[in-house]
Amino acid sequence: MTRLTEAARGVYVIAVTPFEENGALDLESVDRMVDFYEQAGVDGLTVLGQLGEAPKLTAEESKLVVERVLRRLDGRLPVVVGVSAPGLAPMQELATAVMGEGAAGVMVAPPWTIKTDDQAYGFYQSVGEALGDTPFVLQDYPLTTNVTIVPKVIDRIIKDVPNCVMLKHEDWPGLSKITALRASSDKGETRRISILCGNGGLFLPEEMGRGADGAMTGFCYPEMMVGVVREHVAGNLERAAELFAAYLPLARYEQQQGLGLAARKYVLAKRGVIKSGALRKPRPALSALDIADVERLLSAQTKRLKEIGA
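These numbers were taken from a predicted model, which means no experiment stands behind them. (Residues numbered from 1 in each chain as written. Predicted model: local features only at pLDDT ≥ 70, side-chain atom pairs only at ≥ 80, totals over all residues. Heavy atoms only, no water.)

Novice: So what's going on with helix H12 (residues 288-307)? Which residues, and what values?
Specialist: With 20 residues, H12 extends 29 Å between its outermost C-alpha atoms, agreeing within 8% with the 28 Å of an ideal straight helix rising 1.5 Å per residue. Summarising the contacts, the buried residues of H12 are in contact with helix H10 (237-254) and helix H11 (259-270). At the C-terminal side of H12, glycine 309 shows a positive phi close to 70°. (Helix = DSSP H or I, 4+ residues; strand = E, 2+ residues; numbered from the N terminus. Expected span 1.5 Å × (residues − 1). Contact = heavy atoms within 4.5 Å.)

Novice: Residues and numbers for the pairing of strand E7 (residues 194-197), please.
Specialist: The alternating pattern of E7 places Ser194 and Leu196 and Ile195 and Cys197 on opposite faces, both of which are buried. Two strands pair when backbone bridges link them, and strand E6 (residues 164-169) and E7 are joined in this way by four bridges, in the parallel orientation. For histidine 169, the partnering residue across the bridge sits in E7 and is cysteine 197. Viewed along the sheet, the connection from E6 through helix H7 (residues 175-186) into E7 turns out right-handed. Note: E7 against strand E8 (residues 214-215), two bridges, orientation parallel. Of the residues in E8, the one forming a bridge with leucine 196 is glycine 214. Handedness of the β-α-β unit built from E7, helix H8 (residues 204-210) and E8 comes out right-handed. (Buried < 20%, exposed > 50% of the residue type's maximum accessible area, 1.4 Å probe, protein only. Pairing = 2+ DSSP bridges. Right-handed = clockwise from strand over helix to strand, strands pointing away.)

Novice: I'd love a proper account of the nonpolar core, names of residues and values included.
Specialist: Counting residues in each nonpolar core, the largest one holds 95 residues, and the members touching the most others are Tyr37, Leu45, Leu48, Val69, Val81, Tyr124 and Phe219. Residues contacting tyrosine 37, with those up to four places away along its chain left out, are Val13, Ile14, Ala15, Val16, Val42, Leu45, Pro222 and Leu268. The next biggest cluster of nonpolar side chains, apart from the first, holds 12 residues, and it includes Ala8, Tyr12, Ala104 and Met107. (Core = buried A, V, L, I, M, F, W, Y, C linked by side-chain atoms within 4.5 Å.)

Novice: Requested: an account of helix H2 (residues 59-73), with residues and values cited.
Specialist: In this model, H2 (15 residues) spans 22 Å end to end at C-alpha, consistent with the 21 Å of a helix rising 1.5 Å per residue. For H2, the full list of buried residues reads Glu61, Ser62, Val65, Val66, Val69, Leu70 and Leu73. The buried residues of H2 all sit within an arc of 165° when viewed along its axis, so they share a single face. Opposite the packed face of H2, turned more than 90 degrees from it, sit the exposed residues Glu60 and Arg71. On its buried face, H2 is in contact with helix H1 (27-39), strand E2 (44-47), strand E3 (79-82) and helix H3 (88-101). Following H2 by one or two positions, aspartate 74 has its phi on the positive side, about 50°. (Arc of directions from axis to C-beta.)

Novice: Summarise the pattern of salt bridges; cite the residues concerned and give the values.
Specialist: For the structure on display, the rule yields 25 salt bridges. The salt bridge partner of lysine 177 is aspartate 140, with a shortest N-O separation of 2.6 Å. Of this pair, lysine 177 sits in helix H7 while aspartate 140 is found in strand E5 (residues 136-140), placing the two residues 37 residues apart along the sequence. Owing to a relative accessible area of 5%, lysine 177 belongs among the buried residues under this scheme. Notably, a salt bridge pairs glutamate 170 with lysine 168, separated by 2.9 Å at the nearest N-O pair. Classification of lysine 168 by relative accessible area gives buried; the value is 4%. (Salt bridge = Lys/Arg side-chain N within 4 Å of Asp/Glu carboxyl O.)

Structural data, given as structure tokens:
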């Protein structure tokens, strides 16, 4: 089993959770989705994230999804599993289960009850102890958790919690946070952990320029993130920017709260990746005007990609 380490790089795509129109899990579409992501060239998958509709799954369904993904990949790519929970006991239970199935690591977001720096540090210190030797990702997503974790606190966690091996950076855009964290590790004050970024890839070129190692986010065209990261690593910054700009209007549209995931799943269904674009209730629905917006963006994107030879 490949375990997540500080050396993780590239694109760990946040996978959607496919549902039937009636809200039942669509496990057959999970197989097609995994194949699609692998063929797109991603370096890993992250399942049971916020935009994987994890809070809408039962504990048993969560395990079924993880088992299906791991079985389909058969060890070819590492899988990170979101295990965030209101308490340490359910988090630990799910983490133990998925690591036993072959996951590479887990991801943990802070609870909304955290208000101070010491509370943030204490929470992740407890997470590290509860998880034992399981490597974990610190999910820093203040837009949804309402918890802001400043660089000095993240540095402190990195120093004292050895199984924290990655930061999922989703501040908005928080570029200065990446700069500060890299300055600490460059000076030898902390370990250099992996930093993969979220926010739908909206700031990916700038984040890579500040020292991020790639992306851990979702988009209906993961090819964009894969291409931008690879071109940036190769030093082809102009080509990375050109690719990014071609996909940006659709990526921006996906960042609408609630409706954006519906748009993402609509396109994935249109591409044949999943059978239905349905979200599990409670869910937003795309109107005819929303669909027209998406189709117009897709048409313009196809034209632009052809123009730049991508």
